[in-house]
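What the coordinates show
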Amino acid sequence: MYVQSLSTNDYSVSMCAAPKDGSGRIKKLLQKILDKVPSATFEDGKKKVEWWEKSNKVIAHPAVNRLIMGGGALAFQPAIDKFNHRVDEETREVAKNRTIAKIIAGTFVGIFVARGPAYTLVNKMTQINGKSKFSKMLLPNHNKDMMKVLSTVKESLSNYKLAWSTFIALGIMVFTNFLLDAPLTKYLTNKFNANSKLLNAKKEEVNDVI
Amino acid sequence: MSFNPFEFAKEFIFKHYHQDTAKMLIWTGVTGYVLSSAAQVCAILFNSKIDDKTKSFLLPQECMDALANIVTFVSVTTLTKHGVAKLYQTGKWAPKSVKKCLESIPKFKNDIGKLNLNLDKELVAAKLPEKFKDVPEIYKACKSKGTTVATILAGIVSSSIITPLIRNKLASKAQKNFINYKKETSPKIEEKQPQPTFKSLHYDLYQAHSSSGLKI
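Residues numbered from 1 in each chain as written. Chains lettered and ligands numbered in written order. Predicted model: local features only at pLDDT ≥ 70, side-chain atom pairs only at ≥ 80, totals over all residues.

**With respect to the overall build of chain A**
Along its length, chain A carries 8 helices and 1 strand. In chain A, the order of α-helices and β-strands from amino to carboxyl end is α-α-β-α-α-α-α-α-α. Considering chain A as a whole, with its 210 residues, one finds that 30% of them fall into the buried category. Put simply, of all contacts in chain A between residues at least 6 apart along the chain, 65% involve residues at least 24 apart. (Helix = DSSP H or I, 4+ residues; strand = E, 2+ residues; numbered from the N terminus. Buried ≥ 20, exposed ≤ 12 C-beta atoms within 10 Å, placed from the backbone. Contact = placed C-beta atoms within 7 Å.)

**Thoughts on the overall build of chain B**
Looking only at helices and strands, one finds 8 helices and 1 strand in chain B. Mapped in sequence order, the helices and strands of chain B form the string α-α-α-β-α-α-α-α-α. By the burial criterion, 36% of the 216 residues in chain B qualify as buried. Taking contacts inside chain B between residues at least 6 apart in sequence as the whole, the part at least 24 apart equals 74%.

**Some remarks on the environment of Phe57 of chain B**
Here Phe57 of chain B lies in helix H3 (residues 52-89). Under the C-beta neighbour-count criterion, Phe57 of chain B is labelled buried, with 28 such atoms within 10 Å. For Phe57 of chain B and Pro95 of chain B, which are 38 residues apart along the polypeptide, the C-alpha to C-alpha distance reads 50 Å. Leave out the neighbours within four places in its chain, and Phe57 of chain B touches Val87, Thr91 and Ala95 of chain A together with Ala171, Ser172 and Gln175 of chain B.

**Here's the deal with the interface of chain A and chain B**
Contacts between the two partners involve 61 residues from chain A, matched on the other side by 58 residues from chain B. For the side of chain A that touches chain B, the secondary structure elements donating two or more residues are helix H2 (23-36), strand E1 (40-42), helix H3 (46-60), helix H4 (62-82), helix H5 (89-124), helix H6 (144-152) and helix H7 (156-194) of chain A. It is H7 of chain A that contributes the most residues to the side of chain A that touches chain B, 18 residues altogether.

**Brief notes about the nonpolar core**
Residues Ala118, Val122, Tyr160, Ala163, Trp164 and Ile168 of chain A together with Ile13 of chain B are the most contacted members of the largest nonpolar core, which totals 26 residues. Where this core is concerned, the elements lending two or more residues are H5 and H7 of chain A together with helix H1 (5-17) and helix H2 (21-45) of chain B. The element best represented in this core is H7 of chain A, accounting for 8 residues. Residues contacting Trp164 of chain A, with those up to four places away along its chain left out, are Val122, Thr126 and Leu138 of chain A together with Ile13 of chain B. (Core = buried A, V, L, I, M, F, W, Y, C linked by C-beta atoms within 7 Å.)

**Regarding the confidence of the model for chain A**
Note that predicted coordinates carrying low pLDDT should not be read in detail. Of the residues in chain A, 87% have a pLDDT of 70 or more, and the chain-wide mean is 81. Predicted confidence for residues 1-16 of chain A stays below pLDDT 50, and this span has 7 contacts to residues more than four positions away or in other chains. (pLDDT = per-residue confidence, 0-100.)

**Examining the packing of H5 of chain A against H3 of chain B**
The geometry of H5 of chain A relative to H3 of chain B is characterised by a closest axis approach of 10 Å and an angle of 45° between their N-to-C directions. When the axis of H5 of chain A is compared with that of H3 of chain B, the two are oblique. Judged by the sense of rotation from one axis to the other, the crossing of H5 of chain A with H3 of chain B is right-handed. Residue-level inspection shows Thr91, Val94, Ala95 and Arg98 of chain A of H5 of chain A in contact with H3 of chain B, the latter providing Thr54, Phe57, Leu58 and Gln61 of chain B. (Axes fitted to C-alpha atoms, helices over the stretch in contact; angles between N-to-C directions. Parallel < 35°, antiparallel > 145°, perpendicular 65-115°, else oblique. Left-handed = near helix turned anticlockwise from the far one by under 90°.)

As structure tokens, then:
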């Protein structure tokens, strides 16, 4: 607690000085880190700004976002499983096949069953100029301030739609994960395992020994 | 006034996400991982075509996958999102017209790249000259794009590189423990030491000392 000194003596002022604030040190450290990062200046212009807004809308779209994450996963995860030398060859092969199956199943179901339809539905239910009750069902109609922001501020409505569609997609995923994702993953894993040269060679070895 | 959960949900989504899509991507990503892993664990458990030894690796792998995914996804993407947002807010990263605007206003010129400058608030509050009237919109579009791209890239790095490396290490350990446990609990078969037979011992001695040509 800082107590203001009544004396003009500097010494007594410092005796009543405010306790040291640790956040000053943290701020200095963050500033040092910020100083290390090089500056960047981006070319802009009307077309560039429109491109930023358009592309941001596209990559933040739940289905497109799922596709990007699925693509990234397919590029790295199977390779990491294939070169995991902490386990035997057979386990590595099955793990790699299951990872590929999981990514394909998850991405396919995510895009075509959950996120794509969810966004379409939300789009139909967030029409600012809609006439029916259904077309405005997901808008905060009771709150005039929010409706004003959604109608006038750029990107506000599209961000609001993206958020709703992502949440609805999550609700759909509760069911599709168990009813579609998991069985499809199992089916694809078994298919890849059956077509795997390494696993078939191991099976033949075991049969020969028997 | 009665509580209406549907209206509450609409207000909640508006308040938290109408300006910032990157935040939404993080939290929905976390929920997605939990749901997906729960389903995958069931898929492994009920897949009769995978043997127990492989299951002993895949089950812990899936559980560790969920845990590591959530921890790394939240930490890496949140850190990246805040870090990149700060770079834009302090004017360190900015479009050309925004930088021109900041350099022409003495209040902002000396604070470019300093933590005390927050363009999210300053550009809205400041009375900008007519030639810079589009600057707040340009800044917002650029910052939004930058933080969304950074969040997605951070999500890919955390869930497709960092998480698989961590979960493989932990799951491999779990499999080793399972194999050792199986070895310890399975019945031990005692190996019989081959004993020399009486007949062969004496036959060798006989052969060594026999002078007759008769061989038995």
